[in-house]
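If you want the building blocks of each chain, they are given just below.
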Amino acid sequence: MSKSDFSFPPQLRLRTPAAYKNVFAQPVKSSDKYFTLLAIRNQLDHPRLGLAIAKKVIKRAVDRNTLKRLARESFRLRQHSLTALDIVVLARRDALTASPEVLRQSLEKHLLQLVKRCDS
RNA sequence: AGAGUUGACCGAACAGUCGCUGUUUUAUCGAAAGAUAAAAGGGAGGAAAGUCCGGGCUCCACAGGGUAAAGUGCCAGGUAAUGCCUGGGAGGCGUGAGCCUACGGAAAGUGCCACAGAAAAUAUACCGCCGUAAAAGUUCGCUUUCGCGGUAAGGGUGAAAUGGUGCGGUAAGAGCGCACCGCGCAACGGGUAACCGUUGUGGCAGGGAAAACCCCACUUGGAGCAAGAUCAAAUAGGGAAACACAAUGCGUGACCCGCGCUGUUUCCGGGUAGAUUGCUUGAGCCGUCGGGUGACUUACGGCCUAGAUGAAUGACUGUUUUAAACAAAACCCGGCUUACAGGUCGACUCUUUCU
RNA sequence: UGGGUUGUCGCCAAGCGGUAAGGCACGGGGUUUUGAUCCCCGCAUACCAAGGUUCGAAUCCUUGCAACCCAG
């Protein structure tokens with residue numbers, strides 16, 4: 001966390017299947033009817049974000065992209081309050097019908113909760 | 001003014017802040033590969049969709065031929081190619097502009113047409129109609145019954161019944177004859193052709209269905225960028241190329257004929273995870289002048305217009321006819337089909353009114 | 001992204017152009033002291049959708065919509 005800006009370079013993303021597998025193995029969970037977030041502590045000095053928006057759950061490509069953007073934006077603006085965590089965001093079916101404002105609040109809440117739980 | 005027909009186009013715009021992703025330039029670090037920073041400039045569609053067709057590209061197979069299978073189906077042209085497009089013909093719909101059509105062959109063959117009906121395709125004879133032998137009855141006109149023969153006008157069935165209408169003709173009838181229409185054949189004329197017109201002639205024979213099998217003509221090798229290529233930890237063992245070639249057996253990507261293998265010589269790596277590449281300059285776009293009825297196209301000039309890889313276009317604020325539809329590239333093109341708020345322009349038709 | 005398969009009552013399913021079997025479930029009745037079993041009756045409700053071919057389509061053709069499988 002050397003930078004003080006809100007950028008979102010490739011280092012802050014999960015990039016390999018192995019990294020995803022690691023998160024899915026023994027995660028700390030936080031979920032509601034819109035999203036399920038999984039997290040695990042990593043060995044780096046910054047958080048990383050992964051997205052798993054299933055085609056089976058969200059049918060249309062436009063909706064999938066919209067949800068991904070929401071999740072990235074939320075992560076980007078919150079990254080300084082997050083510790084060294086690998087986070088994966090899973091979408092659920094109800095996220096399709098919810099408004100962007102509700103989804104954003106949901107994501108913020110989950111991120112804060114994950115930080116609290118991983119610390120404890 | 002109203003109601004339509006048709007061709008083409010747009011697909012919220014602008015400004016600011018914070019972010020994402022390629023490209024170029026500069027600077028710093030570095031032996032290099034490259035990394036970081038700054039600036040400039042680029043960054044989803046008309047359908048990017050469905051994957052219904054056609055190609056490019058790549059690998060496999062491949063002398064070539066035959067069979068099968070699949071597709072297409074009026075004619076001509078366009079095109080890289082097509083099941084697409086254009087023009088023409090024929091049939092149908094609409095007052096019209098215009099629109100629609102899987103539109104070859106049913107006398108090459110096989111099969112099918114339930115129920116009903118006499119008969120569903122070699123026509124047949126149930127009720128009728130007509131003639132007539134015999135018998136019975138008789139008011140001597142004829143009637144009835146049962147046979148035989150003729151007939152396809154009428155009846156009823158059915159989705160569909162073996163040319164239609166009229167006149168003649170006949171015992172009753174019948175293309176039996178005639179006229180018109182329809183159909184077939186031939187000649188001539190027009191047209192590249194599909195086809196059209198005119199004349200003559202036959203004398204009516206064989207309904208439907210080929211999106212039943214099929215016949216005829218034409219087309220098609222198989223798989224797909226997760227194709228494939230390069231570098232290359234691990235692991236297992238040989239692998240590759242060239243030349244020659246008889247039999248058996250084996251293999252062979254629809255099948256068969258066919259084809260390949262074994263022997264000799266030469267060379268040395270192999271290929272999983274992963275990385276790089278394929279990856280965007282292309283049957284490209286725009287314009288002008290010619291050619292063509294048109295689809296399209298010759299020549300010339302100009303332009304570079306996404307290339308990601310857990311996968312980029314977003315968020316916030318402000319203004320404007322206001323809360324902006326359908327919808328997201330993943331190798332690339334040409335079509336088709338389907339979805340779509342709202343809007344712009346051109347051409348044409350009909351109705352009403354006015355001049 | 002590419003390749004392929006399938007859609008028939010609430011569920012499982014048969015159906016080879018001629019008016020949609022069967023089983024389970026469900027409802028009613030009978031048998032039984034009661035229940036199960038068994039028997040009888042019913043189930044107004046089903047061919048994924050829209051066009052086309054045909055006299056007639058669940059079946060043939062075209063287009064679309066869903067669901068599922070495979071490669072990775």
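Reading the values: the criteria
Residues numbered from 1 in each chain as written. Chains lettered and ligands numbered in written order. Predicted model: local features only at pLDDT ≥ 70, side-chain atom pairs only at ≥ 80, totals over all residues. Heavy atoms only, no water. Pairing = 2+ DSSP bridges. Helix = DSSP H or I, 4+ residues; strand = E, 2+ residues; numbered from the N terminus. Axes fitted to C-alpha atoms, helices over the stretch in contact; angles between N-to-C directions. Contact = heavy atoms within 4.5 Å. 1 Å grid on protein atoms, 1.4 Å probe; cavity = no way out; pocket = protein on both sides within 12 Å on 5 of 7 lines; lining within 4 Å. Points joined across faces, edges and corners; volume = space filled by probe spheres on them. Nonpolar A, V, L, I, M, F, W, Y, C, P; charged D, E, K, R; others polar.

## So, the sheet that holds strand β2 (residues 35-41)
Here four strands make up an open sheet; going across it, the order is β1-β2-β4-β3 and the pairing mixed. At either margin of the open sheet sits one strand with a lone partner, and together these are β1 (28-31) and β3 (48-52). Direction aside, neighbouring strands of the sheet carry axes that sit 20° apart on average. As paired strands, β1 and β2 are joined by four bridges and run antiparallel to one another. By the bridge assignment for β2, serine 31 is matched with threonine 36. Helix α2 (residues 61-78) rests against β2, β3 and β4 (85-91) of the sheet, and its axis sits at about 165° to β3. Across the sheet, helix α3 (residues 100-119) is in contact with β1, β2 and β4; its angle to β2 comes to roughly 30°.

## Examining empty space enclosed by the protein
By the definition in use, this model includes one cavity of 30 Å³ or more. Taken as a whole, the largest cavity encloses approximately 30 Å³ of empty space. Looking at the largest cavity, the residues that line it are Leu37, Leu49, Ala71, Ser74, Val89, Leu107 and Leu111. Every element with two or more residues in the lining of the largest cavity is listed here: α2 and α3. Looking at the lining of the largest cavity residue by residue, the classes come out as six nonpolar, one polar and no charged.

## Let's talk about the environment of asparagine 65
Structurally, asparagine 65 can be placed in helix α2. For the pair asparagine 65 and isoleucine 53, spaced twelve residues apart in the sequence, the C-alpha separation amounts to 8.9 Å.

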